[in-house]
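Coordinate inspection notes
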Protein chains: 2
Amino acid sequence: MTDLTRLLLEARRALATDLDEDLAERGYPDVRPGHAALFLSVDRRSGSRITDLAEGSRLTKQAMMAMVDDLEGRGYVRRVPDPADARAKLVRLTARGRRAAAECRRAIQSLDQRTKRRLGERSYDTLLESLEILITEDGEI
Amino acid sequence: MTDLTRLLLEARRALATDLDEDLAERGYPDVRPGHAALFLSVDRRSGSRITDLAEGSRLTKQAMMAMVDDLEGRGYVRRVPDPADARAKLVRLTARGRRAAAECRRAIQSLDQRTKRRLGERSYDTLLESLEILITEDGEI
DNA sequence: GATATCGGTCAACCTGATTGACCAGTCACC
DNA sequence: GGTGACTGGTCAATCAGGTTGACCGATATC
């Protein structure tokens, strides 16, 4: 009997720590693994709405807002009004944000490749598939 | 490019939620998925030291202490002095704790089996192996 | 006996989220 | 073209599940 939840948590922590260190070495000690999803999913030209970003990362908009606040405070993104809807704001990368995003992308890619090497291509693919299944199919008891 | 850390986090959350609901249905709404490891690893006859439990779950002793505090407050465990070492205390299951532990074991087993069914035996085994590798081999960049 | 280590605890803090309330802008419809 | 419902963003409070650091008394080591 294995405690799968614990295993998942620890594996995540190990990878996140790894990514964190890599980002620090690349000159972004303040970019946290959690920011990755945002950097990866914010629209490069027009920007993205907080609500959309939240939905894409399966977070509440409040949680996403906290991340955006954080990154805005550090100068990686800024909020601009959405010309198409006066209620909305668009989150856009600053120049600094674009550099960080690129580095972040590289860090993730590098981690991916290291992971692939460690597990072997097939196990890696299986891992990804399995995780997707666990996420999407779960919820119904 | 996949954000593996996010995937792991979400998969864990999905499973934890599932386990949580199952435990609630079994009559233990206050037993959290995190308690599982403790219930599974505390020595049934003589009890276990907090330090040992922490090490076994790869947690700090402070974190384990908080869990023990919690479970003690709910009447699932109690601390008794260790006759072999006056510094130490032994965490022991109460009668209520033993019943809860048994139910918890069943819930985990059931979750394991459902997961196995969803992923298929081979993918499930691969998943477990992969996670172990990620946990143990990580840390060295 | 002095000193280092070990088991447990207190305190402060961090991360990554949650729920609930609220406001202003927009949309649909009559 | 006014009314009511919905949507996007925000504030506030809270939570879970950890972390690091300091500390104390008991024990082991020399």
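Everything below is about the structure printed above this text.
Everything numeric in this text was worked out from a predicted model, so none of it was measured.

Turning next to the relation of the copies chain A and chain B. In this structure, two copies of a chain are linked by a rotation about an axis accompanied by a shift along it. If you rotate chain A by 180 degrees and push it 0.0 Å along the axis, it lands on chain B with an RMSD of 0.1 Å. Expressed as a symmetry operation, the mapping of one chain copy onto the other fits a two-fold axis. The residues that chain A uses at the interface reappear at the interface of chain B in 100% of cases, marking a shared surface.

Let's shift gears to the interface of chain A and chain B. If you look at the interface, chain A gives 43 residues, while chain B gives 44 residues. Looking at the side of chain A that touches chain B, the elements that each hand over two or more residues are α1 (4-25), α2 (35-41), α5 (95-119) and α6 (121-137) of chain A. When residues of the side of chain A that touches chain B are assigned to their parent elements, the largest contribution, 15 residues, is made by α1 of chain A. Split into classes, the residues belonging to the side of chain A that touches chain B amount to 23 nonpolar, 8 polar and 12 charged.

Lining the immediate environment of DNA strand C, one finds 22 residues, of which T60, A63 and A86 of chain A together with T51 and A88 of chain B sit closest. Elements with a minimum of two residues in the surface near DNA strand C: α4 (61-73) of chain A together with α3 (50-56) and α4 (61-73) of chain B. Tallied by class, the residues present in the surface near DNA strand C amount to 9 nonpolar, 5 polar and 8 charged.

All names here are of chain B. In this fold, V91 is placed in strand β2 (residues 89-93). V91 sits 13 residues away from R78 along the chain, and the two C-alpha atoms are 5.8 Å apart. Those residues in contact with V91, other than ones at most four positions away along the chain, are V42, G47, S48, I50, L53, V68, V77 and R79.

Turning next to the protein's contact with DNA strand D. The full set close to DNA strand D counts 22 residues, and T51 and A88 of chain A together with T60, A63 and A86 of chain B are the nearest of them. The residue makeup of the surface near DNA strand D, split by class, is 9 nonpolar, 5 polar and 8 charged.

So, how was this worked out
For every chain, the first residue of its written sequence is number 1, and the numbers climb from 1 along that sequence. Starting at A for chains and at 1 for ligands, labels are handed out in the order in which the entities are written. Where totals are concerned, whole chains, interfaces and linings use all residues; where local detail is concerned, this predicted model gives features only for residues with pLDDT of at least 70, and gives and counts side-chain atom pairs only at 80 or more. What sets the superposition is a least-squares fit of C-alpha atoms, and only residues with pLDDT of at least 70 in both copies go into it. Here, residue contact means that the backbone-derived C-beta atoms of the two residues sit within 7 Å. Elements are defined by DSSP. Helices are runs of H or I of four residues or more, strands are runs of E of two residues or more, and each kind is numbered from the N terminus. Three residue categories are used. Nonpolar comprises Ala, Val, Leu, Ile, Met, Phe, Trp, Tyr, Cys and Pro, charged comprises Asp, Glu, Lys and Arg, and polar comprises the others, including Gly. The rule is simple: place the C-beta atom from the backbone, and if it lies within 6 Å of a molecule or strand, the residue is near it.

Worth remembering: the numbers are spatial, not functional.
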